[in-house]
Amino acid sequence: MKGDPKSWAERLREIAPELIEEIYERKQPSKGLPDLEIEPGRRVVLRFAPNPNGPATIGSVRGIVVNSEYAQRYNGEFILRFDDTDPKTKAPLRDAYSWYLDDCEYLCAVPDRVVYASDHLPAYYEYAKKLILMGKAYVCLCEKDVFKRYKDGKVACPHRDSDIDTNLERWEQMLDRECGYREGEAVLRIKTDITHKDPAMRDWAAFRIIEAAHSRPEIGDQFRVWPLLDFESAVLDHVLGVTHIIRGKDLIDSERRQRYVYDYLGWEYPLTMHWGRMKIHEFGRFSTSAIAAAIADGKYTGWDDPRVPTLRALRRRGITAVAIRRFMIDLGISETDISLSLDNLYAVNRKIVDPTANRYFFVWEPATMSIENAVAMVAQPLLHPEGDAVREIPVGSTVSVCRTDIKGLGVGDRRRLKNMYDIEVVSVEPLVAKRIGGDHGEWCATEEKPRYPIIHWVPDERARVVDVVVRAPDQTYEGVGEAGIVSEEGNVVQFERFGFVRIDSVDVEKRRAVAYFAHR
RNA sequence: GCUCCGAUAGUGUAGCUCGGCCAAUCAUGCGGGGCUCUCAAUCCCGUGACUCGGGUUCAAAUCCCGAUCGGAGCACCA
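Rules and cut-offs
- Throughout, a residue's number is its position along its own chain's written sequence, starting from 1.
- Numbering of ligands from 1 and lettering of chains from A proceed in the order in which they are written.
- For this predicted model, a pLDDT threshold of at least 70 governs which residues receive local features, and a threshold of 80 or more governs which side-chain atom pairs are given and counted, while totals over whole chains, interfaces and linings are taken from all residues.
- The basis for every side-chain value is the complete set of heavy atoms in the structure, and neither hydrogens nor water enter the calculation.
- Strands are runs of DSSP state E lasting at least two residues, helices are runs of H or I lasting at least four, and both sets are numbered from the N terminus onward.
- For the radius of gyration, the atom set is restricted to C-alpha positions; the globular benchmark scales as 2.2 Å times the number of residues to the power 0.38.
- Burial classes follow relative accessibility: with a 1.4 Å probe on protein chains only, a residue under 20% of its type's maximum area counts as buried, one over 50% as exposed, and anything between as partly exposed.
- Here the Shrake-Rupley method, with its probe set to 1.4 Å, supplies the accessible areas, and only the displayed protein chains count as covering residues.
- Positive charges come from Lys and Arg alone, negative charges from Asp and Glu alone, with His and the N- and C-terminal ends not counted.
- Note on charges: their place is set at NZ of Lys, CZ of Arg, CG of Asp or CD of Glu.
- Whether two strands pair depends on DSSP finding at least two bridges between them.
- Lines fitted to C-alpha atoms define the axes, with helix axes restricted to the stretch in contact, and inter-axis angles between N-to-C directions lie between 0 and 180 degrees.
- Multiplying one less than the number of residues by 1.5 Å gives the expected span of a helix.
- Here a residue-residue contact requires only that any non-hydrogen atoms of the pair lie within 4.5 Å.
- Pairing of aromatic rings covers Phe, Tyr and Trp, the last counted by its six-membered ring, and requires centre-to-centre distances within 6.5 Å; plane angles under 30 degrees mean stacked, over 60 mean edge-to-face, and any other angle means tilted.
- Look at NZ for Lys and CZ for Arg. If either is within 6 Å of the ring centre and within 35 degrees of the ring normal, a charge sits over the ring.
- Boundaries of every domain are those given by an automatic assignment or by a domain database.
- Note on terms: buried area is the combined drop in 1.4 Å-probe accessible area of two parts once they are placed together, counting the loss on both.
- Only one rule defines a salt bridge in this text: a Lys or Arg side-chain nitrogen within 4 Å of an Asp or Glu carboxyl oxygen.

A.B. asks: So what's going on with the overall build of chain A? Residues and values would help.
C.D. replies: Within chain A, the regular secondary structure consists of 14 helices and 27 strands. In terms of overall size, chain A is more extended than a compact globule, its C-alpha atoms giving a radius of gyration of 32 Å where 520 residues would be expected to give roughly 24 Å. Reported as C-alpha extents along the three principal axes, the dimensions of chain A are approximately 100 × 80 × 40 Å. The burial tally for chain A puts 49% of its 520 residues in the buried class. Of the roughly 25,400 Å² of accessible surface on chain A, a fraction of 49% belongs to carbon and sulfur atoms. Considering chain A, the positive charge centre built from 75 side chains and the negative charge centre built from 83 side chains are found 4 Å apart.

See the structure below:
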């Protein structure tokens, strides 16, 4: 039965035309997040579980957005859970808890429930004891690297086969602050399969002793035995009724480890999805602790320094929540590692911000230009190109223009001062120009076509401008802007021919404003 | 070393489960042009990809095997 595909298609059309449509029906391009596999009649419960040892980074934002998006889509529950069960190596930052709450709110992802893993020690202890009694967990007294050697050799350590009573007794000793084991002397392990072909699965540690106090005052030094992530998360996901776990693929093995606990206890493991590693061109690889160190060194001004890959920094720059959500959702959930540019995020944000951002002139690296036969006038550029509202800029015979705009200008060159009039350079050093073109009334915009290159300006009079500093990720721009900027504190505006910025702070007295650069 | 996972234009993404309107979707970027008193917006046009090698099949981006490359786990971190 040989033949080419075409003749097969023809034959199919003859003998079974109804199948043709079936073949062609699928494969609709889809957008954004795929549908979730859901159990009918059961409310979906998702959680985002950060360690509050710093503020939300771009990576965390993906977790917040994706999980909350699904919760919203299926009318389910979104839980923010602080996985803060290591008071020492990854000591929680007191402020980070509220930063996360605040960031979730900004992202339109207000959690339905906020949970602190450090509030649930009794629950972890309860299940630990249960597992010990079942013979599925044992206290291991090996030193770290001694155990590693056993594990790598697929052989049980001497403590693996201790009887249940011994384990129980040792567990009590772990918990006993007075005369029990000390930090580093004992851990509780989950018994899996010491010969498992994947070394990552073999008898993993569930609890260890940490004598440091927890940074939450309500917890303090109440506990000295803390669960590790896999145990803490396993118990809490069950207790909270989490139905779907969606997170980075660095935790993909966690599931397989935790399934031992779920199987022993007869629990049902949630459905999981994982996304790949995310690398942002503009930031490269980063870790929360590395950023913290750089801030401590004074390299960055803080967690919201525009050069830092935190949500706080993005917020300060005027990247909107809608843009961030759309950006993250469009990434989907692929396990492929990705390396992407923030340009995509900026493009989304630009579309959102452009229709509402007011326009202003900002002259960076200002140079003075004086104008012969100038007319005093009030320039009236549009506040927004789509609207009727204008801003009013009184101007006389001197203006400030960007140094980059006059570089290379020679005598006789012509330019249009936007919303003012056309000029011709009569002297370069000092920079002097003369008004050209029509001269009717106050302003003399020339009508004739060849349009000279347009440059923007600002009056060169202290009283009519404000000093503006723009902090961008790559550099800081200093210059002067039109006076109206002072009324835009907190808003995203566009500095014409420069880009979108968020006016971060305004000092009316000193006539100063600080803006954060968003994007072009 | 052991184990697991992934690979579609410059970048991200759809299609892969269940092979066939796939000479491959959308976005962004880039190039050209229109409009414009902003280098923004907007409108046209263009650009460019199934990692490689085998196999199965009438038919492979899709299924199988191998290789290459990339990533992750093997913590008393999360």
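A.B. asks: Describe the sheet that holds strand 7 (residues 225–227), naming the residues involved and giving the relevant values.
C.D. replies: Strand order in the open sheet made by the four strands is 4-5-6-7, with antiparallel pairing throughout. Either end of the sheet is taken by a strand with one partner, and the two such strands are strand 4 (137–140) and strand 7. Sheet twist, expressed as the average angle between the axes of neighbouring strands with direction ignored, equals 25°. As paired strands, strand 5 (residues 187–190) and strand 6 (residues 205–209) are joined by three bridges and run antiparallel to one another.

A.B. asks: Just give me the short version of helix 8 (residues 229–240), but keep the residues and values in it.
C.D. replies: A rise of 1.5 Å per residue sets the reference length of helix 8, with its 12 residues, at 16 Å; its end C-alpha atoms lie 16 Å apart and thus fit the reference within 8%. Among the 12 residues that make up helix 8, nine are buried, leaving the element largely enclosed by the rest of the structure. Considered for burial, the residues of helix 8 that qualify are Asp230, Phe231, Glu232, Ser233, Ala234, Val235, Leu236, Asp237 and Leu240. In the segment just after helix 8, Gly241 is the residue with positive phi, at about 75°.

A.B. asks: Hey, could you go over the sheet that holds strand 13 (residues 362–364) for me, with residue numbers and the actual values?
C.D. replies: Pairing within the open sheet is mixed, and its seven strands lie in the order 12-25-26-27-23-24-13. Both edges of this open sheet fall to strand 12 (359–360) and strand 13, since each of them pairs with a single strand only. In the sheet, strand 23 (residues 465–471) pairs with strand 27 (residues 512–519) via five bridges, with the strands oriented parallel. Bridging across to strand 27, Asp467 finds its partner in Arg512. Contacting strand 25 (492–495), strand 26 (499–507) and strand 27, helix 13 (residues 343–353) runs over the sheet at an angle of about 125° to strand 27.

A.B. asks: Describe the environment of Glu489, listing the residues and the values that go with them.
C.D. replies: As for its placement among the helices and strands, Glu489 is situated in the loop between strand 24 (476–482) and strand 25. Given the relative accessible area of 46%, Glu489 is considered partly exposed. Placed 25 residues apart in sequence, Glu489 and Val514 show a C-alpha to C-alpha distance of 9.2 Å. Non-local contacts of Glu489, meaning those with residues more than four positions away in its chain, are made with Ile503, Asp504, Ser505 and Val506.

A.B. asks: I'd love a proper account of the packing of aromatic side chains, names of residues and values included.
C.D. replies: Summed over the entire model, instances satisfying the criterion amount to 25 aromatic pairs. Arranged with centres 6.4 Å apart and planes meeting at 20°, the rings of Tyr70 and Tyr74 form a pair that is stacked. On the accessibility criterion, Tyr74 (23% relative accessible area) is partly exposed. Ring centres 5.3 Å apart and planes at 85° place the aromatic pair Tyr262 and Trp267 in the edge-to-face group. Across the pair, Trp267 and Tyr262 agree in class, each one buried. Cluster of aromatic residues (ring-pair linked, three or more members): Tyr125, Trp171, Phe207, Phe223, Trp226 and Phe231. Here Arg189 stacks its cationic end above the ring of Phe147, 3.3 Å away from the centre of that ring. A cation over a ring is seen here: Arg391 above Phe361, with NZ or CZ 4.8 Å from the ring centre.

A.B. asks: Please provide a residue-by-residue account of the domain arrangement of chain A, values included.
C.D. replies: A common way to express how large an interface is: the accessible area buried when the components associate. As assigned here, chain A comprises domain 1 (45–117 + 276–353), domain 2 (120–227) and domain 3 (359–519). The C-alpha-based centres of domain 1 and domain 3 are spaced at 37 Å. Opposite the 14 residues of domain 1 that make contact, domain 3 presents 11 residues. Note on domain 1 versus domain 3: buried area summed over both sides is about 1,200 Å², and carbon and sulfur give 58% of it. On the domain 1 side of the contact with domain 3, Pro306, Arg316 and Arg317 bury the most area, a combined 50% of that side's loss. Our enumeration of links across domain 1 and domain 3 arrives at two salt bridges. Residue Arg471 is joined to Asp305 by a salt bridge in which the shortest nitrogen-to-oxygen separation is 3.1 Å.

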